[in-house]
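# Fold and contact review
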Amino acid sequence: MKRKLFKLSSLLLLSVLVLTACSGSDTNSGDTAKEEDNKKDITLVTNEASLPIMEKVAEVMEGKGYKTKINLVDLNVPVMESVQDGSADGGLGVQIKFLENFNEKNNGNLVIGKPYPYYTGIGLYSNKFNDLKDIPENARISIMHDPINMDMAMRMLRDHGVIELDENKNDLYTPMDITKNPKNIELIEVDQTQTYRMIDDLDAVIAWFATVKNAGDDARSYIVRNLDGEDYPMGIVLRKEDENKQWAKDLAEAMHNPTVKDFVTSEYSEIYDYID
């Protein structure tokens, strides 16, 4: 009888120890998640073009008690890679269609924090013509050759009546999708960095506003611009699982803070249009 009671007591004691250990593990896990939600050390990443804006974002975040660090990369793709692999918490310098394409190709889970702050655009530029109707037959126009930018250019030319496209297509447009080309425009596919440099050699070029401004020219001197700019918003790049954490919400909201918004509308009025 004593032996049976001893065995029963031992089993009960073991059960209590196991339950206590499990409870402690769950508590530690919950504490870690809570700390992650409320963390105050934030690593940011951006490219050189967006660095001044990101510095203003960091200023706002530090005013809320955060400690920030900014990593500088040379192109847009490393911005997304840095957020995706966790070496940065948030990034800046990418429009949403480019981000979605990155997600698709890299099994990514990136989003842009809402509410979206602003968008940019592309335009048709020429040193020979000032009006779309003056673009001659057989004109040669450069377009960016990567899929996302090419699609944007094709849609812009369609929306301004330069060409017609296959409206049954549900994918990214290319010159192969042109169904009508009244002026027999020749589209020259080049790298994004080269298209505006060809403005003196061609009848017209299609380029991003930022590319034109970086070349020292007026980004708003386009003949026409894309009409669907709000479909390509920019903002803080985040991992999907982080977007509802407090620090991530504060990052997204910082883009709308007067410190950031006033700076962008003052220094980058040629490039960005705020949505609100």
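Residues numbered from 1 in each chain as written. Predicted model: local features only at pLDDT ≥ 70, side-chain atom pairs only at ≥ 80, totals over all residues. Heavy atoms only, no water.

## Observations regarding the pattern of salt bridges
Summed over all chains, the structure comprises 16 salt bridges. In this structure, Arg158 engages Glu167 in a salt bridge whose closest nitrogen and oxygen atoms are separated by 3.7 Å. Exposure remark for Glu167: the relative accessible area of 51% places this residue in the exposed category. Across the pair Asp242 and Arg239 runs a salt bridge whose closest N-O atoms are separated by 2.9 Å. The burial state of Asp242 is the same as that of Arg239; both residues are buried. Residues joined by salt bridges that share partners form a network here, namely Lys39, Asp89, Arg239, Asp242 and Lys245. (Salt bridge = Lys/Arg side-chain N within 4 Å of Asp/Glu carboxyl O. Buried < 20%, exposed > 50% of the residue type's maximum accessible area, 1.4 Å probe, protein only.)

## Structural notes on unusual backbone geometry
With an omega of 0 degrees, the peptide bond between Lys114 and Pro115 qualifies as cis. Along the chain, Pro115 falls in the loop between strand 4 (110-112) and strand 5 (118-119). Backbone geometry at Asn184 places phi at a positive 55 degrees, although glycine is not the residue there. Examined against the element boundaries, Asn184 turns out to sit in the loop between strand 9 (178-180) and strand 10 (186-190). (Helix = DSSP H or I, 4+ residues; strand = E, 2+ residues; numbered from the N terminus.)

## Points about the environment of Val77
With respect to the helices and strands, the residue Val77 is situated in helix 3 (residues 76-84). Placed 21 residues apart in sequence, Val77 and Phe98 show a C-alpha to C-alpha distance of 9.0 Å. Discounting chain neighbours no more than four positions away, the residues touching Val77 are Phe98 and Phe102. (Contact = heavy atoms within 4.5 Å.)

## Focus: the nonpolar core
Generally speaking, a soluble globular protein has its nonpolar side chains buried in company with each other. Ile53, Tyr118, Tyr125 and Leu251 are the most contacted members of the largest nonpolar core, which has 37 residues in total. Those elements that provide at least two residues to this core are strand 1 (41-47), helix 2 (51-63), strand 10, strand 11 (204-208), helix 6 (209-214), helix 7 (246-254) and helix 8 (258-267). When residues of this core are assigned to their parent elements, the largest contribution, 6 residues, is made by helix 2. In this structure, Tyr125 is in contact with Tyr196, Ile199, Ala204, Val205, Ala207, Phe209, Val212, Asp218, Ala219, Ser221 and Tyr222, ignoring residues within four places of it in sequence. Counting 27 residues, the second largest nonpolar core, distinct from the first, contains Phe129, Met144, Met154 and Tyr232. (Core = buried A, V, L, I, M, F, W, Y, C linked by side-chain atoms within 4.5 Å.)

## Observations concerning the sheet that holds strand 5
Pairing is antiparallel across the open sheet formed by 3 strands, whose spatial order is 13-5-15. Unpaired on one side and paired on the other, strand 13 (233-234) and strand 15 (273-274) mark the two borders of the sheet. Relative to strand 13, strand 5 runs antiparallel, the two being bridged by 2 bridges. Bridge pairing in strand 13 links Tyr118 to Met234. (Pairing = 2+ DSSP bridges.)

## Observations regarding the side chain of Asp151
In this fold, Asp151 is placed in helix 5 (residues 147-159). Setting aside its immediate chain neighbours within four residues, Asp151 contacts Asp171, Leu172, Tyr173 and Tyr232.

## Brief notes about the side chain of Gln95
Within the element layout of this structure, Gln95 appears in the loop between strand 3 (90-92) and helix 4 (96-106). Overall, Gln95 belongs to the buried group, its relative accessible area being 6%. Filtering out sequence-adjacent residues up to four positions away, Gln95 remains in contact with Ile112, Ile148, Met152, Trp208, Tyr232, Pro233 and Met234.

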